[in-house]
Amino acid sequence: QVQLVESGGGSVQAGGSLRLSCATSGYPRGRYCMGWFRQAPGRAREGIAIIDDLGRITVADSVKGRFTVSQDSAKNTLYLQMNSLKAEDTAMYYCATGSRRIGVRCTLGESAYNYWGQGTQVTVSS
């Protein structure tokens, strides 16, 4: 059973920083994708930063250069460092994970992710 618990959200002024954490219990076996998604009110959920079992990272253009995803395997924790936050970054942020098929790279689409956390709210005021 895979469980994900996000933390670190909050309210911050534009230009500020936050670091989100996702504590995980039990990765999918073998190859996996893991990452961060967000959903703003009235908008579809979007993938913003992902990492796979080989350490390969993909970051959405909307946050490239501002957000960094990393993982501490020893602590079973995934992180999202968010710098230079903007009002449009306001959203509920979720971490998610799922198995990766051999020869297939992880993407920012949701189809590979079948385990989700409950989310943590990030609010950026301008």
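Description of the structure in this document. (Residues numbered from 1 in each chain as written. Predicted model: local features only at pLDDT ≥ 70, side-chain atom pairs only at ≥ 80, totals over all residues. Heavy atoms only, no water.)

Within the protein, the regular secondary structure consists of zero helices and 11 strands. Counting from the amino terminus, helix and strand elements in the protein follow one another as β-β-β-β-β-β-β-β-β-β-β. Against the 2.2 N^0.38 benchmark of 14 Å for 126 residues, the protein shows a C-alpha radius of gyration of 14 Å, consistent with a compact globule. With respect to the three principal axes, the spread of C-alpha positions in the protein is 45 × 25 × 25 Å. Within the protein, counting contacts between residues at least 6 apart in sequence, those at least 24 apart form 61% of the total. For the protein, the accessible surface area stands at approximately 6,500 Å², while carbon and sulfur atoms represent 47% of it. (Helix = DSSP H or I, 4+ residues; strand = E, 2+ residues; numbered from the N terminus. Rg over C-alpha atoms; globule rule 2.2 N^0.38 Å. Contact = heavy atoms within 4.5 Å. Areas by Shrake-Rupley, 256 points an atom, 1.4 Å probe, with all protein chains shown as cover.)

Summed over the entire model, instances satisfying the criterion amount to two disulfides. Residue pairing for Cys22: its cysteine sulfur links by disulfide to Cys95, the two sulfurs lying 1.9 Å apart. An S-S torsion of about 50 degrees defines the bridge between Cys22 and Cys95 as right-handed. You can see Cys22 sitting in strand S3 (residues 18–25) and its partner Cys95 sitting in strand S9 (residues 91–99), a full 73 residues away along the chain. Pair check on accessibility: Cys22 and Cys95 agree, each one buried. (Disulfide = S-S within 2.5 Å. Buried < 20%, exposed > 50% of the residue type's maximum accessible area, 1.4 Å probe, protein only.)

Attention now moves to the side chain of Ser21. Of note, Ser21 is situated in strand S3. Relative accessible area serves as the criterion here: at 17%, Ser21 is assigned to the buried category. In contact with Ser21, other than residues within four places in its own chain, are Val5, Glu6, Ser7, Trp36, Thr77, Leu78 and Tyr79.

Spatially, four strands are ordered S1-S3-S8-S7 in an open sheet, and the strand pairing comes out antiparallel. Whereas interior strands pair on both sides, the edge strands pair on one side only; in this sheet they are strand S1 (3–7) and strand S7 (67–72). Here the average twist between neighbouring strands, direction ignored, is 15 degrees. Of the strand pairs in this sheet, S3 and strand S8 (residues 77–82) are connected by six bridges, and their pairing is antiparallel. Paired with Ser21 across the two strands is Tyr79, which belongs to S8. (Pairing = 2+ DSSP bridges. Axes fitted to C-alpha atoms, helices over the stretch in contact; angles between N-to-C directions.)

With the exception of glycine, most residues fall at negative phi, and the peptide bonds are largely trans. Residues other than glycine seldom take positive phi values, yet Ser84 does so here, at roughly 50 degrees. With respect to the helices and strands, the residue Ser84 is situated in the loop between S8 and S9. Residue classification places Ser84 among the partly exposed residues on the basis of a relative accessible area of 40%.

Below, the discussion takes up the pairing of strand S5 (residues 46–52). Put simply, side chains in a regular strand alternate between the two faces of the sheet. The buried fraction of S5 is high, at six of seven residues. Two strands pair when backbone bridges link them, and strand S4 (residues 32–39) and S5 are joined in this way by six bridges, in the antiparallel orientation. Bridge pairing links Phe37 to Gly47 in S5. Linking two consecutive strands that pair antiparallel, namely S4 and S5, is a turn of six residues; a positive phi of about 80 degrees is found at Gly42 within it.

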